[in-house]
Amino acid sequence: MRTLAAALALMLVAGAAHAQPLTNVQPTSAGADQTEALHFANGRIHQAIGFGNTYMVTTKGGNVIVDTSMPGPAARHHRLLTAVSDAPVRYIILTHAHGDHAGGVPLWKGPATRVVAQAHQTEFLDYQTRLAGFFAYRNAAQYDNTVRRRPGAASPGNHAGPKVADILFEKETTLKVGDLTFRLMATPGETPDHLTVWIPELKAAFVGDNFYGSFPNLYTLRGTEQRKALEYVDSLNKVLALNPEAIFPSHGEPVVGAEKVHAALTRYRDAILYVHDATVRGMNEGQDVFTLMKTIKLPPELDVGEGYGQVAWSVRGIYEGYAGWFDGDPATMYAVSPAEAQAELARLTAGAGPIAARAAELNAQGQHALALRLTSAALAVEPANPAALAARRDALKALLARSGNSNESGWLNAALREVEAAGK
């Protein structure tokens, strides 16, 4: 039987970790120079900073850990927090099963420690493990890792996910530890197993990844099951109804002060709802998904930044989450890939050369995304065409130079590495 550490390592390979910066949230190296824990709520809540934060709540009956970061920083987090208190850890609460939250569980789990999660964690871990080979490549591209695509891995099975939690709950459960109450509520958003921790005595809520310093990844480029915008909205409304005086996200800094918390959560919720409603309105008006991706923008008062999630991707995620992949064009009903059609069109224009020349013109005009599309067509018919590779390289570099989004930058860099390899 696999050990817990080995199982969690598999989770990370399967696509569980973010593993790269959230702009305006935390860089991967965040907290590397932290020498002591940060303290909140009159010294009852303690934070170790990282790309994924770890929180320790001290009670008269032992300690409670909320999220455990990734395996790398987890050792530093453990050292910083146990310097505050080395009392037994009664519970580890996972806001969700991404590896940058659950990767450090083995360091904190003692003989009497119980790991608590929302009940959908079981299927979510099965899903991540089921597609481990797929996510290994996608994560390497999105998170700007130089690892090349590996040979396809055999399926581990449909229900091979690690068993991490000792306690699973459906809608809500309450833990009493010493002098504090931990109310756990299902709040799906970032993942179907996402939960929020509410400590009424401290008026503090741990909100995991349902709030951070960027528009959320309603769709993430590495691939994911549908993340429903209205579930995010409902979950944020649940937290707002608590009237918290402090919220503790798993990425970024806590927000302290009832007015600040209310303003931050309300703005975030309203931004998500705005994008959802604009997409649905456009769908009902008969607009296609690419038009909506171009035209739906957040108004200035709801602009929460796009350093991690991006509005255009979320628009497409909402659109296709509701309607699926068929776009109404009968051509898309058949197993003919865009690359096949592009290659045929390229042959009609005397091959890759003229297309590459036009792509170069578009680059000179600043239309780099369109140029990139044309190079895909040119390379579909001549994969090693020097002019097409050069135009593609120029388009990618220009798009990368103006990118402020970590996920976009990761995929652009991955494509640049492919261009460089093809040109050798």
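Described below are features of the structure shown in this document. Treat the numbers as computed from the prediction; the structure is a model and nothing was measured.

Side chains of a nonpolar character, in soluble globular proteins, are inclined to be buried together. In this structure, Phe215, Ile247, Leu265 and Ile272 are the most contacted members of the largest nonpolar core, which totals 38 residues. Contributing elements (two or more residues each) for this core: β11 (204–208), α7 (229–241), α8 (258–284), α9 (289–295) and α10 (311–323). Residue contributions to this core peak at seven residues, all from α8. Those residues in contact with Leu265 that lie beyond four places of it in its chain are Phe211, Leu236, Val239, Leu240 and Ile247.

Bringing the packing of aromatic side chains into the picture now. Taken as a whole and judged by the stated rule, the model has ten aromatic pairs. For the pair Tyr55 and Phe248, a centre-to-centre distance of 5.5 Å together with 75° between the ring planes defines the contact as edge-to-face. Separated by 193 residues along the polypeptide, Tyr55 in strand β3 (residues 54–59) and Phe248 in strand β12 (residues 246–249) bring together distant segments of the chain. We classify Tyr55 as buried; its relative accessible area is 1%. In this structure Phe248 comes out as buried when scored by relative accessible area, which is 1%. For the pair Phe206 and Phe248, a centre-to-centre distance of 5.1 Å together with 25° between the ring planes defines the contact as stacked. Of this pair, Phe206 sits in strand β11 while Phe248 sits in strand β12; the two residues are 42 residues apart in sequence, bridging distant segments of the chain.

Another aspect to go through is the sheet that holds strand β13 (residues 255–256). Strand order in the open sheet made by the six strands is β8-β9-β10-β11-β12-β13, with mixed pairing throughout. Each of the sheet's edge strands pairs with one partner strand only, and the pair in question is β8 (172–177) and β13. Pairing geometry for strand β10 (residues 195–199) and β11, over three bridges, is antiparallel. Its bridge partner being in β11, Trp198 is matched across the sheet by Ala205.

About the cut-offs
- Here, residues in each chain are numbered from 1, in the same order as that chain's written sequence.
- Local features in this predicted model are restricted to residues of pLDDT 70 or higher, and side-chain atom pairs are both shown and tallied only at a pLDDT of 80 or more, whereas totals for entire chains, interfaces and linings draw on every residue.
- The side-chain values count all of the structure's non-hydrogen atoms but skip hydrogen atoms and water molecules.
- Note on terminology: a nonpolar core comprises buried Ala, Val, Leu, Ile, Met, Phe, Trp, Tyr and Cys residues joined through side-chain atoms within 4.5 Å.
- Residue burial is assigned from relative accessible area. The probe radius is 1.4 Å, only protein chains are included, and a residue is buried under 20% of its type maximum, exposed over 50%, and partly exposed in between.
- Strands here mean DSSP runs of E at least two residues long; helices mean DSSP runs of H or I at least four residues long; both are numbered from the N terminus.
- The contact criterion used is simple: two residues touch if any of their non-hydrogen atoms lie within 4.5 Å.
- Each aromatic pair joins two rings of Phe, Tyr and Trp (for Trp, the six-membered one) with centres within 6.5 Å, and gets the label stacked for planes under 30 degrees apart, edge-to-face for over 60, and tilted for any other angle.
- Criterion used throughout: strands pair if DSSP finds at least two bridges between them.

Nothing here speaks to function; it is geometry throughout.
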